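Listed here are the chains, written in short residue letters.
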Amino acid sequence: MNTKNEKKRFLQIDGVQTVVASLICIALGLIVGYIVLLCINPAGAWDAMTSILKNFLYFPRPEVALEYFGSTLAKTAPLLMCTLSILFAYKVGLFNIGASGQYAVGAGLALYLALAFHMPWYICMIAAMIGGGILGGIAGILKAYLNVNEVIAGIMLNWISLYSVNMLLTNVKESSTTYTMALKTNSPDGLIPSLGLDKLFSDNRYVTIAIPLAVIIAILVWILMSKTKLGYELKATGLNKNAAKYAGMKEKSNMILTMVIAGCLSGLGAAFLYLSGIEQWSCAQTAVPAMGFNGIAAAFLGGLNPIGSIFSAFFIQHITSGGSYVDKMVYCAQISDLISAIIIYFCGFVLFFKHCMNRKAKK
Amino acid sequence: MALLLQYTLIYASVLMLVALGGCFSERSGVINLGLEGTMVIGALGGALVMKYMGNLPAALMILAVIIGSVIFGVLYSLLLAVSAINFKADQTLVGTAMNLLGTAAATVFVKAINMGENVNNVSSSIQYIEQRKAFSAFKIGNFEVSWFMILAVVLLIAAHIVLYKTRFGLRLRACGEHPQAADSVGINVYKMRYAGVMISGLFGGIGGIVYITAGVSEWKFENGVAGFGFLALAVMIFGQWEPKLIGLAALLFGLFRALSNVYSGFDILEMLNIPSAVYNMLPYIISLVVLALFSRNSKAPKAEGIPYDKGQR
């Protein structure tokens, strides 16, 4: 009897419910993904699925695996920033689908300042942050004063910023390819220092202080949301705009401020990726960066909690990187995009899962 | 000039069809942000028909292509209908998931087909050079009228009649304005919303196939439809959720989209020496400006985006 009561309470704790609901989403996503793999080619499906889930563990030698673990972490840092950007805005009742555009602008400014003016990394980072913030602010102003749906405005801004950044970065691209020049050879000052962190990951030079910085920012966002007056006001605005106004809060400037902060976060994320030198921007890019959209998956999978999103961002990046290890003769790498899209879709059912758990717990 | 007019009309047809889809869904009370993904899946359906049934006589093939797109589009829109109507899911989130899912699923699927035919073919394109020729109805000089333009006009008129002249349309609109009131007089809100979302899948699917056959004879599904579904939503808002106005709004947006395809044909524009990226951005900039000007007094259906709960007062 006693244990039964404890079990009931255990299922009713909000955090436990969130974790269970997220795990259900992941499981459903993986099952549907596996079925798709089976439909394409039954023979290699299991191998493909395991290589997606193993990612860096794909390499048998521990040193190599550790090095690729470092690369996955280096890409998790920017994803975590986009995730924080989306969940922060969502808490205030705004869907920041423009994270991709803010991310693109951040990448553009960071790389341009680094490559054209050889600025040190921290200046580039701040510029990326401001750039993303301004773009977020535009969407916020449009929403607060002109009642423009932030999702549609965000998508339009995504495309506008993608084309603008392509135009800007064409000035600093390699002459023979469409990619921007490598930071390491052209302006080493622009690289984020690693302060010895690379030694931990078999000398993987992409492992920089960006990774611990991203985790610290996640904790700061959590403190801001749940421990400060500003966070309280922002959440109140998200719950009921009119009630917040009636209680004397400046609901319009709260909305704009939210979008500016969200934009800063995604802009900074881009700096974390491109200033580590792990990737170069392709000026012929015709698709909006996927990072912002994967951030949506991670934000909802993490139960819209900054601390939870540290883990969910890692998971999403883990399977995205793992997608590149599937057998290219049988499947394509986009299979992991498909799985994360399915996971986002099932995240829509989280409320329903929680409802079921509550009903079960009451019985 | 004829080319500009032709592209304007074909892009306007796409935007109008998809915007009408959005209009039906929102009028019933469900925000359909997944139109972009619906377009991709609809386009995939049509492209597969063209690939495997390309030998049919022209008229039959056009019909088959449209049916293929409609079936794919409607089935795909059920993803939104089930989650938003039965499970009360967040419509923005589900719409976004559908957009990502549409492109990813189409890419995986087309790549699997291509690799099945030839192991070294890892592209995500489907070609339809010969099949596409069947779509042109007749030519006036250089100006080519496509069957799809005619279809778009017919569907526009049909949409107007259905929304404003039939009992079904009145009921659909009631569910978007005040579902509780509609329920109290015996209208099944869930059924009406299902109908609205499925009609939007129908329009989105047709819009998708018209878009990919507009200017090119092969489509790379990795690229999706480049934000066209969202441009269509801007057209819908600009058109104040009314078919007639949506038709006019689509023409304006179609013109700007067409400019980015054909600007090099005009000496004046060529002389200005504006980079092509600016023309690519133009439709998006215009829609932002238009949204900023016209969203303030929007006549959006009052109950859109709110899941219907029978117990709520």
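Since this is a predicted model, take the numbers as computed values, not measurements. (Residues numbered from 1 in each chain as written. Chains lettered and ligands numbered in written order. Predicted model: local features only at pLDDT ≥ 70, side-chain atom pairs only at ≥ 80, totals over all residues. Heavy atoms only, no water.)

Residue and element names in this part refer to chain B. Remark: helix α2 (residues 35-52) packs on helix α10 (residues 228-238), axes separated minimally by 7 Å, with the N-to-C direction vectors making an angle of 125°. Of the possible angle classes, the one that applies to α2 and α10 is oblique. Note on packing geometry: the crossing formed by α2 with α10 is right-handed. Two secondary-structure elements touch here, α2 through Leu35, Glu36 and Met39 and α10 through Phe228, Gly229, Phe230 and Leu233. (Axes fitted to C-alpha atoms, helices over the stretch in contact; angles between N-to-C directions. Helix = DSSP H or I, 4+ residues; strand = E, 2+ residues; numbered from the N terminus. Parallel < 35°, antiparallel > 145°, perpendicular 65-115°, else oblique. Left-handed = near helix turned anticlockwise from the far one by under 90°. Contact = heavy atoms within 4.5 Å.)

Taken together, the contact pairs 42 residues of chain A with 45 residues of chain B. Roughly 3,800 Å² of surface becomes buried between chain A and chain B when both sides are summed, with 81% attributable to carbon and sulfur atoms. Linking chain A with chain B are 0 salt bridges. There are 4 residue pairs in polar contact (both at pLDDT 80 or more) connecting chain A and chain B. (Buried area = accessible area lost by both parts, 1.4 Å probe. Salt bridge = Lys/Arg side-chain N within 4 Å of Asp/Glu carboxyl O. Polar contact = N/O pair within 3.5 Å; in protein donor to acceptor, adjacent residues only side chain to side chain.)

Let us now look at the confidence of the model for chain B. This prediction gives chain B a mean pLDDT of 87; 99% of its residues lie at or above 70. When mean pLDDT is taken per element in chain B, helix α9 (residues 189-212) of chain B scores highest with 93 and helix α12 (residues 267-272) of chain B scores lowest with 70. (pLDDT = per-residue confidence, 0-100.)

Another aspect to go through is the nonpolar core. Counting residues in each nonpolar core, the largest one holds 224 residues, and the members touching the most others are Phe272 and Trp281 of chain A together with Phe221 of chain B. Per-element tally for this core: the top contributor is helix α1 (residues 2-27) of chain B, with 14 residues. (Core = buried A, V, L, I, M, F, W, Y, C linked by side-chain atoms within 4.5 Å. Buried < 20%, exposed > 50% of the residue type's maximum accessible area, 1.4 Å probe, protein only.)

A word on the packing of aromatic side chains. A full pass over the atoms with the stated rule returns 26 aromatic pairs over all chains. Where tyrosine 345 of chain A meets phenylalanine 349 of chain A, the ring centres are 5.5 Å apart and the plane angle is 70°; that geometry is what we call edge-to-face. Neither tyrosine 345 of chain A nor phenylalanine 349 of chain A differs from the other in exposure class; each is buried. On the numbers, 6.3 Å between centres and 50° between planes, the contact of phenylalanine 352 of chain A with phenylalanine 353 of chain A is tilted. Owing to a relative accessible area of 14%, phenylalanine 353 of chain A belongs among the buried residues under this scheme. Grouped by ring-pair contacts, the aromatic residues Tyr345, Phe346, Phe349, Phe352 and Phe353 of chain A together with Phe87 of chain B constitute a single cluster. (Phe/Tyr/Trp six-rings, centres within 6.5 Å; stacked < 30°, edge-to-face > 60°.)

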